[in-house]
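# Remarks on the overall topology
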Amino acid sequence: MKKYIFITGGVLSSLGKGVTSAAIGSILESMGYKITLMKLDPYLNIDPGTMNPYQHGEVFVTEDGAETDLDLGHYERFTNAVMTKHNNTTSGKLYFNLLEKERRGAFLGATVQVIPHFTNEIKKSIEKVAENHDITLVEIGGTVGDIESLPFLEAIRQMGIENKKEDVMYIHLTYVPYIKVAGELKTKPSQHSVKELRAIGIQPDILIGRSEIPLPKDIKKKLSLFTNVDEDSVFSAPDLDIIYEIPLYFKKEGLDKAIAKHLNLEYKEPDLSKWKKIVSVLSKLEKEVDIGIVGKYVELKDAYKSINEALIHAQIPNKVKVNIHWINSEKINQENYQEVLKGLDGILVPGGFGDRGVEGKILTAKYARENNIPYFGICLGMQIAVIEFARSVAGLEGANSTEFNPFTPHPVIDIMPDQKNVDKKGGTMRLGAYKCTLKPGTKAYQIYGQPEISERHRHRYEFNPKYVPILEEKGLVVSGVYKARNLPEIIELPNHRWFIACQFHPEFKSKPFDPHPLFVSFVEASYKNRLDKIKNQT
């Protein structure tokens, strides 16, 4: 059995196609089907790895080291599917492959064209991902009507012809604006979006209307009439306070039965008990904790999407609501850092590139260390902690990363020898899953509860092993090491309430039904800090 579900978006972007696809995947998975998901991005970059986060949000890293669209994070958080480099492809990557074939003479003198050659590349990439899976959900990036996405739509149209009708399904997610002044929902934008889709030969089997409020029966009926979609195949997707409620809402709407009917699947009642438990806990949180995220992309929350979600996951076992305070590190300086950071129960410094806002982050690490406030450093956040410790505690004046100061007298963070002659930026960092051996008796070992772990990386610079003995002599503990190259992976301060920093990105492996232990422990420590502060004030 091999079934395909293609998800397109209409009217405007940022409707939530990724979350919608992931939620549908979770329902089908809970019905017992082996599913996978794929994102097709129309842009010409090979991958999003070299993009500024303000352009495209977070770059999600897979186990095998691919730099991918943030929607793959949704796919992994909602399901048990493991994403790979094949689960996200772009126009750039496919054209690159196509032109390499042309240069090798693979087309025997033929004129290479968008149809059929480029569309064939698209179909092959989809079919490769679909191998050994019952159902493959494919999200088409962008919005119907965009010029750059036309080849992708043409490819999935062809797949509808080349496969049995019961093996292919088209779901169109569209925007139904609610005009507050008039108190009305307007269907006209959705009508035009479907009209555009039908003009290129795709008739949606299911229509999902995104809006601020649920779609009433009369609006669904109107959408059905003007889009040629059966009325019982028009569904509502209103704004919800908790995104993990979406599978439950779709089940209530009957989306599971509509999909099973169209794809001629044996209907099995989905077991959504885990989602019910998650939503039940998250909707009843009474205790709370204030955590500051200090970074330079804070104006766009999607730049730290997986961190935000990992903190939400950590709320579940702790039963504590995390109030996130987004703090721009560029606005932190020697004069104001104590005022800016006071009142926080915990501080998290995430990853990033470049020297902009770095000194503000170093002051943040200093504040957390000196005031015994839980500090969680991730990737660059670990490097920041090492630099601050080297300067303030070990007395290494001018200690820095060679990324920020190539002439620093103490390169406590340095580029590794194998990276020094790399001139290409895309896909050349230390990427993907690496093993890390934990030191017994450390907090990291206690949190993970096992001697060896595997975590995902995305960075070019490392904690310079030459400086480990100097900093350890001053009290820093390296509690995790990548033994194959003797690279420090986790550091901690044993005399601190909770000061842990890691070179990897633990947020990429956190799920609502399996929260990452570092985030769980960090939130727990931050809440204990809050209680201690209250106790000391009384």
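Residues numbered from 1 in each chain as written. Predicted model: local features only at pLDDT ≥ 70, side-chain atom pairs only at ≥ 80, totals over all residues. Heavy atoms only, no water.

## Observations regarding the packing of aromatic side chains
On inspection of all chains with the given rule, the structure shows 18 aromatic pairs. Pairing Tyr337 with Tyr367 gives two aromatic rings, centres 6.3 Å apart and planes at 90°, and the pair type is edge-to-face. Taken together, the residues Tyr337 in helix H13 (residues 337-341) and Tyr367 in helix H14 (residues 358-370) connect sequence positions 30 residues apart. Accessibility assignment for this pair places Tyr337 and Tyr367 in one class, buried. Where Trp498 meets Phe522, the ring centres are 5.4 Å apart and the plane angle is 50°; that geometry is what we call tilted. You can see Trp498 sitting in the loop between strand E22 (487-492) and strand E23 (499-502) and its partner Phe522 sitting in helix H18 (residues 517-537), a full 24 residues away along the chain. This pair shows no difference in class: Trp498 is buried, exactly as Phe522 is. (Phe/Tyr/Trp six-rings, centres within 6.5 Å; stacked < 30°, edge-to-face > 60°. Helix = DSSP H or I, 4+ residues; strand = E, 2+ residues; numbered from the N terminus. Buried < 20%, exposed > 50% of the residue type's maximum accessible area, 1.4 Å probe, protein only.)

## Concerning the side chain of Glu462
Its place among the elements puts Glu462 in strand E20 (residues 461-463). The buried category is assigned to Glu462, whose relative accessible area is 2%. One polar contact links Glu462 to Arg430, side chain to side chain, over a distance of 2.7 Å. Those residues in contact with Glu462, other than ones at most four positions away along the chain, are Gln383, Val412, Ile413, Asp414, Met416, Arg430, Leu487 and Gln503. (Polar contact = N/O pair within 3.5 Å; in protein donor to acceptor, adjacent residues only side chain to side chain. Contact = heavy atoms within 4.5 Å.)

## What to know about the sheet that holds strand E19 (residues 452-459)
Spatially, nine strands are ordered E13-E12-E14-E15-E23-E22-E21-E18-E19 in an open sheet, and the strand pairing comes out mixed. Edge positions in the sheet fall to strand E13 (320-328) and E19, since each of these pairs with one other strand and no more. Neighbouring strand axes in the sheet, compared pairwise and without regard to direction, differ in orientation by 25° on average. Where helix H12 (residues 305-318) meets the sheet, its contacts fall on strand E12 (287-295), E13, strand E14 (346-349) and strand E15 (375-378), and the angle it forms with E13 comes to roughly 155°. Against the sheet, helix H15 (residues 380-392) makes contact with E14, E15, E22 and E23, and its axis sits at roughly 115° relative to E15, the strand it touches most. (Pairing = 2+ DSSP bridges. Axes fitted to C-alpha atoms, helices over the stretch in contact; angles between N-to-C directions.)

## Considerations on the environment of Ser190
Structurally, the position occupied by Ser190 is in helix H7 (residues 188-199). Distance from Ser190 to Arg210, taken between C-alpha atoms, is 10.0 Å for residues 20 residues apart in sequence. Once residues lying within four places of it in the same chain are set aside, the contact partners of Ser190 are Val11, Thr174, Tyr175, Val176, Leu223 and Thr227. At 2.9 Å, the side chain of Ser190 and the side chain of Thr174 are in polar contact.

## Some remarks on unusual backbone geometry
A negative phi angle characterises most non-glycine residues, just as the trans form characterises most peptide bonds. Between Ile115 and the following residue, Pro116, the backbone shows a cis peptide bond with an omega angle of 15°. Along the polypeptide, Pro116 turns up in helix H5 (residues 114-130). Positive phi, close to 65°, is recorded for Asn228, a residue that is not glycine. On the secondary structure map, Asn228 appears in the loop between helix H8 (217-227) and strand E11 (234-238). With a phi close to 55°, Asn486 is a non-glycine residue in the positive phi region. By secondary structure assignment, the location of Asn486 is in the loop between strand E21 (477-482) and E22.

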